[in-house]
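What the coordinates show
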Amino acid sequence: MKYLVTGASGQLGQAVMRAIKRSGQVGVGTTSKTSEVSTHLTLDIRDAAAVVRVVATVRPDVIIHCAAWTAVDAAEDKKWQDLVWQINVEGTANLARAAREVNAKLIYLSSDYVFNGNGQKPWQADDKCYQPINFYGQSKLAGELAVARSLTKYFIVRTSWVFGLGGSNFVEAMLKLATQQNSISVVADQIGTPTYTEDLACLLVEMAASEQYGYYHASNEGGYLSWAEFATEIFKQANQAVTVLPVTSTSYMASKAPRPHNSRLDKSKLVATGFSPLPSWQDALRRYLRARQQFV
Ligand SMILES: NC(=O)c1ccc[n+]([C@@H]2O[C@H](COP(=O)([O-])OP(=O)(O)OC[C@H]3O[C@@H](n4cnc5c(N)ncnc54)[C@H](OP(=O)(O)O)[C@@H]3O)[C@@H](O)[C@H]2O)c1
């Protein structure tokens, strides 16, 4: 099977390319920027004609669409919102149209941010009560709708709290702060689950081989937790003597975009459909901390 992977130099895209290679299949990656060292194709997904051209040339069986504007706070700034929409919504619609032309499956990565974060009940994969509370979430939801409107062979995979090699993520942020401070304030009233890119990438490759289309939630197993609890486990596993001071979102002024309090994603549909659940986040964190030491 042949894959086209957008955002192949991003945090998840890199892991997806590795998972495809490990499975012995062919992956063609794309990035928006031309680089002399990269072997990826250059493709700005906002360019509809270029998207059609690349997809028609590669003729993939599956497109794994990891490219996105992912700077959640910057997306609140009016000066970036046209660009966010062009990438996350129009870029996604361009890929969906091109996928239809070549009859390829499309796997679209989405987010827990399509929900409003109220209550404590885990969100079901087929819940339709969307109500994003920030602009990034609105754009990811509009991307979902663009996919679902134009295709039948699609997977919409919502994930959360992603960390992985080569990315700027929460684990890296905590480890960096640990070199500067011995106590760190971390929000304790946003509950969800982390997702290790290597584990999610394996699932995406497994999905690509199937025809069980539809909406899924995918993050690591191991139970729901707060960012403060995640930080505590990071410092414990990394042997860092740092005290985590749990704070509320309202007292934490560093973020511009409101974040959902309830990011609990119910993943039971994955298992019910026959896909492998991801390993526990504690185990994923252990593997990540080991792998990042060798990663250059
Ligand atoms: N990170 C999270 O916590 C999280 C949570 C939930 C869902 N997700 C979703 O998971 C997916 C992967 O996220 P990630 O963490 O891997 O993000 P990431 O590291 O920011 O990677 C996104 C990639 O998108 C590419 N991109 C941006 N604009 C583009 C454009 N106009 N044309 C082509 N490529 C473009 C960038 O590549 P270039 O450098 O080549 O521009 C970047 O490498 C995204 O859909 C994201 O919304 C992420």
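The text that follows walks through the structure, step by step, so that each part is easy to find. Please read these numbers as outputs of a predicted model, since none were measured by experiment.

**Regarding the overall build of the protein**
A tally of regular secondary structure across the protein gives nine helices and 13 strands. The C-alpha radius of gyration of the protein comes to 19 Å, within 12% of the 19 Å expected for a compact globule of 296 residues. Over its C-alpha atoms, taken along the principal directions, the protein stretches across nearly 55 × 40 × 40 Å. Across the protein, every contact between residues at least 6 apart in sequence was considered, and the portion connecting residues at least 24 apart equals 81%. Carbon and sulfur atoms provide 52% of the accessible area of the protein, an area that totals close to 13300 Å². Taking the average location of the 30 positive side-chain charges in the protein and that of its 25 negative ones, the two points are 3 Å from each other.

**With respect to the sheet that holds strand 3 (residues 41–42)**
In a beta sheet, neighbouring strands pair by backbone hydrogen bonds and run either parallel or antiparallel. The strand order across the open sheet built from seven strands is 3-2-1-4-5-6-11, with neighbouring strands paired in parallel fashion. Two strands close off the open sheet at either side, each with one partner strand: strand 3 and strand 11 (214–217). Pairing of strand 1 (residues 2–6) with strand 4 (residues 62–65), which is carried by four bridges, proceeds in the parallel orientation. Opposite tyrosine 3, over in strand 4, you have valine 62 as the bridge partner. Sheet strands in contact with helix 2 (residues 48–58) are strand 1, strand 2 (26–31), strand 3 and strand 4, and its direction is about 155° off that of strand 1.

**Details of the pattern of salt bridges**
Within this structure, the stated rule accounts for eleven salt bridges. Across the salt bridge formed by arginine 18 and glutamate 198, the nearest N and O atoms sit 2.5 Å from each other. One end of the pair, arginine 18, is in helix 1 (residues 11–22); the other, glutamate 198, is in helix 6 (residues 197–208), with 180 residues separating them in the sequence. The class for glutamate 198 is buried, based on a relative accessible area of 11%. Look at the salt bridges and you will find they share partners, linking Arg18, Arg22 and Glu198 into a network.

**Observations concerning the packing of helix 5 (residues 170–178) against helix 7 (residues 227–237)**
The contact between helix 5 and helix 7 brings their axes to 10 Å, and the two run at 60°. As judged from the angle between their axes, helix 5 and helix 7 are oblique. The element helix 5 and its partner helix 7 pack so that their crossing is right-handed. Between helix 5 and helix 7, the residues in contact are Phe170, Val171, Met174, Leu175 and Ala178 and Trp227, Phe230, Ala231, Ile234 and Phe235, respectively. Across the contact of helix 5 with helix 7, the residue classes break down as ten nonpolar, no polar and no charged.

**Things to note about the site of the ligand**
What surrounds the ligand is a group of 25 residues, the closest being Leu12, Ser32, Thr70, Tyr136 and Lys140. Take lysine 33: an N or O atom from its side chain is 3.0 Å from an oxygen atom of the ligand. For the ligand, a nitrogen atom lies 2.9 Å from a polar atom in the side chain of aspartate 44. About the coverage of the ligand: the protein hides 84% of its 890 Å² of free accessible area. Listed by contribution, the elements that provide at least two residues to the shell around the ligand are helix 1, strand 5 (105–111) and helix 4 (135–150). Examining the composition of the shell around the ligand, we find that three residues originate from one element, strand 5, more than from any other.

**As for the side chain of histidine 65**
Considering the arrangement of structural elements, one finds histidine 65 in strand 4. One polar contact links histidine 65 to threonine 6, side chain to side chain, over a distance of 2.8 Å. The residues contacting histidine 65, other than those within four sequence positions of it, are Thr6, Ile45, Thr92, Leu95, Leu106, Ile107, Tyr108 and Leu109.

**A few points about the side chain of serine 263**
Tracing the sequence through the fold places serine 263 in the loop between strand 13 (243–247) and helix 8 (268–273). Residue class for serine 263 comes out buried when judged on its relative accessible area of 2%. Within the structure, the side chain of serine 263 is placed 2.6 Å from the side chain of aspartate 112, a separation counted as a polar contact. Setting aside residues no more than four positions away along its own chain, serine 263 makes contact with Asp112, Trp161, Ile191 and Gly192.

**What to know about the state of the cysteines**
According to the stated counting rule, one finds zero disulfides in the structure shown. We note that cysteine 66 lacks a disulfide partner, and the nearest cysteine sulfur, in cysteine 202, lies 13 Å from it. Residue class for cysteine 66 comes out buried when judged on its relative accessible area of 15%.

Reading the values: rules and limits
- Within every chain, residues take consecutive numbers counted from 1 along the sequence as written.
- Reporting in this predicted model follows two pLDDT cut-offs: at least 70 for local features of residues, and 80 or more for side-chain atom pairs to be given and counted; totals over whole chains, interfaces and linings ignore these cut-offs and use all residues.
- Note: side-chain values were computed over all heavy atoms of the structure, leaving out hydrogens and water.
- Only runs of H or I of at least four residues qualify as helices and only runs of E of at least two qualify as strands under DSSP, and these elements are numbered from the N terminus.
- The globule rule used for comparison is 2.2 Å times the number of residues to the exponent 0.38, while the radius of gyration itself is calculated over C-alpha atoms.
- By definition in these notes, contact holds between two residues if any of their heavy atoms fall within 4.5 Å.
- Only the protein chains shown count as cover for residues, and all accessible areas are computed by the Shrake-Rupley method using a 1.4 Å probe.
- The charge count includes Lys and Arg as positive and Asp and Glu as negative, but it does not include His or the ends of the chains.
- To locate a charge, take atom NZ for lysine, CZ for arginine, CG for aspartate or CD for glutamate.
- In this analysis, strands are considered paired if DSSP registers two or more bridges between them.
- Only the stretch in contact is used when a helix axis is fitted, and all axes are lines through C-alpha atoms; the angle between N-to-C directions ranges over 0 to 180 degrees.
- A side-chain nitrogen of Lys or Arg and a carboxyl oxygen of Asp or Glu constitute a salt bridge if their distance falls within 4 Å.
- For each residue, the accessible area found with a 1.4 Å probe, counting protein chains only, is set against the maximum for its type, and the residue is called buried under 20%, exposed over 50%, and partly exposed in between.
- Angles are sorted into four bins: roughly parallel if under 35 degrees, roughly antiparallel if over 145, roughly perpendicular if 65 to 115, and oblique for all others.
- Each helix crossing is assigned a hand: it is left-handed if the near helix lies turned anticlockwise from the far helix by less than a right angle, otherwise right-handed if that turn is clockwise.
- In this classification, Asp, Glu, Lys and Arg are treated as charged, Ala, Val, Leu, Ile, Met, Phe, Trp, Tyr, Cys and Pro as nonpolar, and every other residue, Gly included, as polar.
- Here a residue is near a molecule or strand as soon as one of its heavy atoms is found within 4 Å of it.
- Polar contacts, as counted here, are pairs of nitrogen or oxygen atoms within 3.5 Å of one another; within protein the pair requires one atom able to donate a hydrogen and one able to accept it, and residues that are adjacent in sequence qualify only if both atoms are side-chain atoms.
- Criterion for a disulfide: a pair of cysteine sulfur atoms within 2.5 Å.

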